[in-house]
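What follows is each chain in one-letter form.
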Number of protein chains: 2
Amino acid sequence: MTGKRIVVVGADAAGGSAAAQAKRADPRLEVVVLERQRWSSYSACGIPYWIAGDVADVDSLIARTPEQHRANGLDLRMETTVTAVDPAARTVTASGPAGDFSLQYDELVLGTGALPVRPAALDADNVLGVQTIDDGLRVLDEIALASEASMRPDTGRGDGGPLRAVVVGGGYVGIEMAEAMKRRGFAVTLVDAAPEPMSSLDPDMGQLVREAMVAMGIDVRAGTAVDGLQVDDDGRASAVLVGGQPLPCDLVVLGLGVRPNTELAVRAGLPIGVTGGIVTDRRQRVADRIWAAGDCVETRDLVSGLPTYLPLGTHANKQGRVVGVNLGGGYLTFPGAVGTAASKVCSLEVARTGLREADAERAGFEAVAAVIRSSTAVGYMPESSPMTVKMLAERGTGRILGVQIVGSGPGSAKRIDAAALAITAGMTASELVSADLSYAPPFSPVWDPVQVAARRVERLV
Amino acid sequence: MTGKRIVVVGADAAGGSAAAQAKRADPRLEVVVLERQRWSSYSACGIPYWIAGDVADVDSLIARTPEQHRANGLDLRMETTVTAVDPAARTVTASGPAGDFSLQYDELVLGTGALPVRPAALDADNVLGVQTIDDGLRVLDEIALASEASMRPDTGRGDGGPLRAVVVGGGYVGIEMAEAMKRRGFAVTLVDAAPEPMSSLDPDMGQLVREAMVAMGIDVRAGTAVDGLQVDDDGRASAVLVGGQPLPCDLVVLGLGVRPNTELAVRAGLPIGVTGGIVTDRRQRVADRIWAAGDCVETRDLVSGLPTYLPLGTHANKQGRVVGVNLGGGYLTFPGAVGTAASKVCSLEVARTGLREADAERAGFEAVAAVIRSSTAVGYMPESSPMTVKMLAERGTGRILGVQIVGSGPGSAKRIDAAALAITAGMTASELVSADLSYAPPFSPVWDPVQVAARRVERLV
């Protein structure tokens, strides 16, 4: 493929990795990267921590600046939106700072990412997403604006109470944002339609998250739908309507998750899967000379065997690398994922991998489940803190199907990786019980909590 | 086996687990446990932390008291030493507080543990091991005694300097004890014959441990043999002789490791393996009606396929449970181990699994190795701290053979578990690169450090 032109749509995790990897593998490739934003290769997952004040400044979130990409030989064009792809003619049409243009490609990479779910009923100037760095900057601006307004006597906010944020959606970003706003001094209400927040966990584990949120002073309204907004003449929401009642607010943060950004792909006639993501093969190829990676694609769930949509930076990086290796003349595949995720929310460490009870049921597994309480370290060590582990195994075979962890101290969440590898390797609960996991008083009880869960579940198989 | 009498020699991790598990599985079993010490089921691994002052009191180290064992239906006889086993007659002879006696058994379990390596040249009243709780109490007594003596004008220690401890042996217990003594205010010298301390790691990784020890103010004499002691008339060592030079000391701590306590087994004609441990089958059976578990047995290294000796509480507990399940009429095996271990020493978290370079060579593997520096969390998070990972893989196949971690902050060591499971499952470095490990800014960079090491080593395969 030497000397060929590769056009990459998107310079974030997937597109940036694909472009950098391809250029590294074969420096003679011409790699053009078109990015609609003014930021490249940044950590979207870090935005809630930046807003909470844990991360010093926005520059810290940038993994690679446009200049760094260019120094690596990429022809990166920022603030350039691709408006159409023509697979037959092998062209993309785009609109950038210098006007519209079209480009011929030999190979095309779609790294168009995801779009936040934003119902039309929730549109107002102070209703904010947290998907992009610009979103994050807007949240910080709005915080400053609201803080300033609350100090002026003419705003009708002379009640002396704290500023009020309503977070809509109780996924991990919603909860991280609820915590961030709380730490910024807001009175925070989180409204979520699911019976418990953090619905990437089973409800019995999500309940532990809700309890920690309540303990932190967040008003959690679970199992509650949002009907709409009460919008003032200035275009700002003054209240969120919940069950017909207005919930007064100075700021609304959306945490309703994301959906794959597939508009270009759909218009180009590329295959879209049941999850809404672009369908790729194991090498992340979509069609002849077209590849895709990251939050715009669907992937394979290695436990259920079903298609799944997993918009996470870790997959975007891996899939982008797979595309880049293949474009550079190598051979690499992305086999799929087991659905591992972790989050630090409201004093808790939360992690999950594999199937939840409902996923197992949907996939046709009969699962048995066990929940155990253990601790991160031996009880007599000062760093010991409690953690709860839930494990699902297939009835009969004992194959581990899923693991969920909610821990109240450091060292809880990362234990999910051992579970993820056990699931990847197709291990049974009994095999995990026998496994040689590390033990030392500051790090683990003699039986690691994940093994304690495996011991409990193997009895039910 | 109902109604049969099981005699268990040793009430610590292995014997205690075997006895408790057997009785739980079949309450009609008569389970007699003979323990030579006055402590049962305690955490030997916790002793250095207790001496350092992290653990409140000795009672915290006791997992199960004699009373608790008895409440579970065990006939536990403390301070009772078994002096002989007669497999033909199926008897044990023992000596306890009420005199000598002999006992008929239907099934015998040997959980005789390990003995500290203690060269004859290093015998004096103030030369102490840290193997048992009584050892720990002696160390604390000696610390008190030395502190008191140093305040008396008649002891010749009127130099006003700190008390001096010499630790002989740089394994993890030696290093933990060096740190504990340092934190107790001693001037500490650690003398080790190996080229670098922590020889359970390759020397290039052990060097990082030495540097942290030196930074903590410990005088590390690596590659140095101990010739003997300078012993005063009162039977106390006043100096350790190193290279002909006296190293003045108030206290000497031995950290030379342990060897299997097999005296009873040897005299009973039971099989002893190349490592010096008792040989068992996969169910931990030694001979007809005789079982063994814990620090007195050798086990199988799952990577090299060779016999290995791994005196660790985690294996003792697992093997004891295997014996108990089998005695209770069930079926359970201990497949072997991959040599996973972790330790917190001198501000570092250290962990290892699988083979070192020398082990791989000895087993006949041609290994390639990569060392990478990464961080526990994304660089912009306040909890991010550096960690070094070394990975060995088999040339040609890419099969992971071993992983070593030295990290300077929380979250480093426990990552070894993912590596241990990858090795257990026979994964290649490339398969580990593809694996779905957890990512979130407070817990991990997008590429987990273990995967960064796998990426590096896969290129060398």
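Residues numbered from 1 in each chain as written. Chains lettered and ligands numbered in written order. Predicted model: local features only at pLDDT ≥ 70, side-chain atom pairs only at ≥ 80, totals over all residues. Heavy atoms only, no water.

Assigned secondary structure in chain A consists of twelve helices and 26 strands. Its C-alpha atoms give chain A principal-axis dimensions of about 65 × 65 × 40 Å. Counting every position in chain A, which comprises 461 residues, the buried fraction comes to 57%. Residue pairs at least 24 apart in sequence account for 63% of intrachain contacts in chain A once pairs closer than 6 positions are excluded. Split by element, the accessible area of chain A, about 17,100 Å² in all, is 50% carbon and sulfur. Computing the positive centroid from 44 side-chain charges and the negative centroid from 54, chain A places the two 5 Å apart. (Helix = DSSP H or I, 4+ residues; strand = E, 2+ residues; numbered from the N terminus. Buried < 20%, exposed > 50% of the residue type's maximum accessible area, 1.4 Å probe, protein only. Contact = heavy atoms within 4.5 Å. Areas by Shrake-Rupley, 256 points an atom, 1.4 Å probe, with all protein chains shown as cover. Lys, Arg positive; Asp, Glu negative; His and termini not counted. Charge placed at Lys NZ, Arg CZ, Asp CG, Glu CD.)

Each partner contributes residues to the interface: chain B has 60 residues there, and chain A has 60 residues. At the surface where chain B touches chain A, the tally comes to six salt bridges. Viewed at the interface, chain A and chain B are joined by 22 residue pairs in polar contact (both at pLDDT 80 or more). Elements with a contribution of two residues or more to the side of chain B that touches chain A: helix H8 (313-327), strand E22 (341-345), helix H10 (416-424), helix H11 (429-434) and helix H12 (449-458) of chain B. Per element, the largest residue contribution to the side of chain B that touches chain A is seven residues, and it comes from H10(B). Each residue belonging to the side of chain B that touches chain A can be placed in one class, and the counts come to 31 nonpolar, 16 polar and 13 charged. (Salt bridge = Lys/Arg side-chain N within 4 Å of Asp/Glu carboxyl O. Polar contact = N/O pair within 3.5 Å; in protein donor to acceptor, adjacent residues only side chain to side chain. Nonpolar A, V, L, I, M, F, W, Y, C, P; charged D, E, K, R; others polar.)

This part takes up the packing of helix H1 (residues 13-25) of chain A against helix H8 (residues 313-327) of chain A. Residues and elements named next belong to chain A. Where H1 contacts H8, the two axes come as close as 7 Å, and the packing angle between them is 30°. With respect to each other, H1 and H8 are oriented roughly parallel. The interaxial crossing formed by H1 with H8 has right-handed handedness. Side by side, H1 and H8 meet where Ala13, Ala14, Ser17, Ala18, Gln21 and Ala22 of the first sit next to Gly313, Ala316, Asn317, Gly320, Arg321, Val323, Gly324, Val325 and Leu327 of the second. Residues that form the contact of H1 with H8 fall into these classes: eight nonpolar, six polar and one charged. (Axes fitted to C-alpha atoms, helices over the stretch in contact; angles between N-to-C directions. Parallel < 35°, antiparallel > 145°, perpendicular 65-115°, else oblique. Left-handed = near helix turned anticlockwise from the far one by under 90°.)

Let us now look at the confidence of the model for chain A. Across chain A, the average pLDDT comes to 94, with 97% of residues at or above 70. Interface predicted TM-score (ipTM) for the complex: 0.94; the corresponding pTM is 0.95. (pLDDT = per-residue confidence, 0-100.)

On to helix H6 (residues 203-215) of chain B. Every α-helix carries 3.6 residues per turn, so stepping three or four residues along brings you back to the same face. All names here are of chain B. Along its 13 residues, H6 runs 18 Å from first to last C-alpha, staying within 8% of the 18 Å computed at 1.5 Å per residue. Every buried residue belonging to H6 is among Met205, Gly206, Val209, Ala212 and Met213, and all of these are buried. Taken around the axis of H6, the buried residues stretch over an arc of 110°, which confines them to a single face. With its phi angle positive at about 95°, glycine 217 sits one or two positions after the end of H6. (Expected span 1.5 Å × (residues − 1). Arc of directions from axis to C-beta.)

Attention now goes to a positive patch on the surface. Side chains of A:Arg24, A:Arg64, B:Arg456 and B:Arg459 sit close together on the surface and give a patch of like positive charge. Looking at where B:Arg459 falls in the secondary structure, it is placed in the segment after H12. (Patch = residues over 30% accessible without salt bridge, like charges linked within 9 Å, V, L, I, M, F, W, Y side chains within 5 Å.)

Turning our attention to the relation of the copies chain B and chain A. Rotating chain B by 180° and translating it 0.0 Å along the rotation axis places it on chain A, where the RMSD comes to 0.0 Å. Viewed as a symmetry operation, the transformation between the two copies matches a two-fold axis. The rotation axis passes nearest to the C-alpha of B:Ala418 in chain B, at a distance of 2.3 Å. A symmetric contact is evident, with 100% of the interface residues of chain B recurring at the interface of chain A. (Least-squares fit on C-alpha atoms with pLDDT ≥ 70 in both.)

Turning our attention to the pattern of salt bridges. Residues and elements named next belong to chain A. Within this structure, the stated rule accounts for 52 salt bridges over all chains. Between lysine 390 and aspartate 202 there is a salt bridge, with its nearest N and O atoms 3.1 Å apart. In this pair, lysine 390 sits in strand E25 (residues 386-394) while aspartate 202 sits in the loop between strand E11 (187-191) and helix H6 (203-215), placing the two residues 188 residues apart along the sequence. Between lysine 390 and aspartate 204 there is a salt bridge, with its nearest N and O atoms 2.9 Å apart. Of this pair, lysine 390 sits in strand E25 while aspartate 204 is found in helix H6, placing the two residues 186 residues apart along the sequence.

All names here are of chain B. Read across the sheet, three strands follow the order E4-E5-E6 without closing on themselves; strand pairing throughout is antiparallel. Two strands bound the open sheet, and with one partner strand each, they are strand E4 (81-86) and strand E6 (99-104). The mean angle between the axes of side-by-side strands here comes to 20°, regardless of whether they run parallel or antiparallel. (Pairing = 2+ DSSP bridges.)

Before going further, it helps to spend a moment on the pairing of strand E26 (residues 400-407) of chain B. Residues and elements named next belong to chain B. Among the eight residues that make up E26, eight are buried, leaving the element largely enclosed by the rest of the structure. Across six bridges, the pairing between strand E23 (residues 348-354) and E26 is antiparallel. Bridge assignment links glycine 354 to a residue of E26, and that residue is glycine 402. Sheet topology places strand E25 (residues 386-394) next to E26; seven bridges connect them, and they run antiparallel. Across the sheet, threonine 388 pairs through a bridge with valine 406, a residue of E26. Here E25 hands over to E26 after five residues, with glycine 396 in that stretch at a positive phi of 90°.

With that settled, the discussion passes to empty space enclosed by the protein. Once rolled over the atoms, a probe with the size of a water molecule shows which space is left empty. Under the definition given, this model contains three cavities of 30 Å³ or more. Counted as a void, the largest cavity has a volume near 70 Å³. Taken together, A:Ser430, A:Val433, A:Ser434, A:Trp447, B:Lys318, B:Arg321, B:Val322, B:Leu332, B:Thr333, B:Phe334 and B:Pro335 make up the full set of residues lining the largest cavity. Where the lining of the largest cavity is concerned, the elements lending two or more residues are helix H11 (429-434) of chain A together with H8 of chain B. For the lining of the largest cavity, the per-class residue count stands at six nonpolar, three polar and two charged. What the second largest cavity holds in volume is close to 60 Å³. Forming the boundary of the second largest cavity are A:Lys318, A:Arg321, A:Val322, A:Leu332, A:Thr333, A:Phe334, B:Val433, B:Ser434 and B:Trp447. Of the residues belonging to the lining of the second largest cavity, the class tally is five nonpolar, two polar and two charged. (1 Å grid on protein atoms, 1.4 Å probe; cavity = no way out; pocket = protein on both sides within 12 Å on 5 of 7 lines; lining within 4 Å. Points joined across faces, edges and corners; volume = space filled by probe spheres on them.)

The next thing to look at is the sheet that holds strand E6 (residues 99-104) of chain A. All names here are of chain A. The sheet built from three strands is open, its strands ordered E4-E5-E6 with antiparallel pairing. Of all the strands in the sheet, the pair left with one neighbour each is strand E4 (81-86) and E6. Taking the axes of each pair of neighbouring strands and ignoring which way they run, one obtains an average angle of 20° across the sheet. In the sheet, strand E5 (residues 91-96) pairs with E6 via six bridges, with the strands oriented antiparallel. Bridged to valine 92 within E6 is leucine 103.

Moving on to the packing of aromatic side chains. Per the stated rule, a full pass over the model turns up zero aromatic pairs over all chains. Of note, B:Arg455 hangs over the ring of B:Trp447, and the distance from its end group to the ring centre comes to 4.4 Å. (Phe/Tyr/Trp six-rings, centres within 6.5 Å; stacked < 30°, edge-to-face > 60°. Lys NZ or Arg CZ within 6 Å of the ring centre and 35° of its normal.)

It is worth spelling out the nonpolar core at this point. Membership of the largest hydrophobic core comes to 81 residues, with the highest contact counts inside it found for A:Met391, A:Leu421, A:Leu432, B:Met391, B:Leu421 and B:Leu432. Leave out the neighbours within four places in its chain, and A:Leu432 touches A:Met391, A:Ile400, A:Ala422, A:Val450, A:Gln451, A:Ala454 and B:Leu421. (Core = buried A, V, L, I, M, F, W, Y, C linked by side-chain atoms within 4.5 Å.)

This part takes up the environment of B:Gly53. All names here are of chain B. Position of glycine 53 relative to the elements: it lies in the loop between helix H2 (47-52) and helix H3 (66-71). When its relative accessible area of 47% is taken as the criterion, glycine 53 is described as partly exposed. Each C-alpha atom, one on glycine 53 and one on arginine 183, is 8.4 Å from the other, the two residues being 130 residues apart in sequence.

A separate point is the packing of helix H10 (residues 416-424) of chain A against H10(B). With their axes 8 Å apart at the nearest point, H10(A) and H10(B) run at an angle of 15° to one another. It follows from the interaxial angle that H10(A) and H10(B) lie roughly parallel. Considering how the two elements wind past one another, H10(A) and H10(B) form a crossing that is right-handed. Contact residues: H10(A) offers A:Asp417, A:Ala418, A:Leu421 and A:Ala422, while H10(B) offers B:Asp417, B:Ala418, B:Leu421 and B:Ala422. Here the residues of the contact of H10(A) with H10(B) are counted per class, giving six nonpolar, no polar and two charged.

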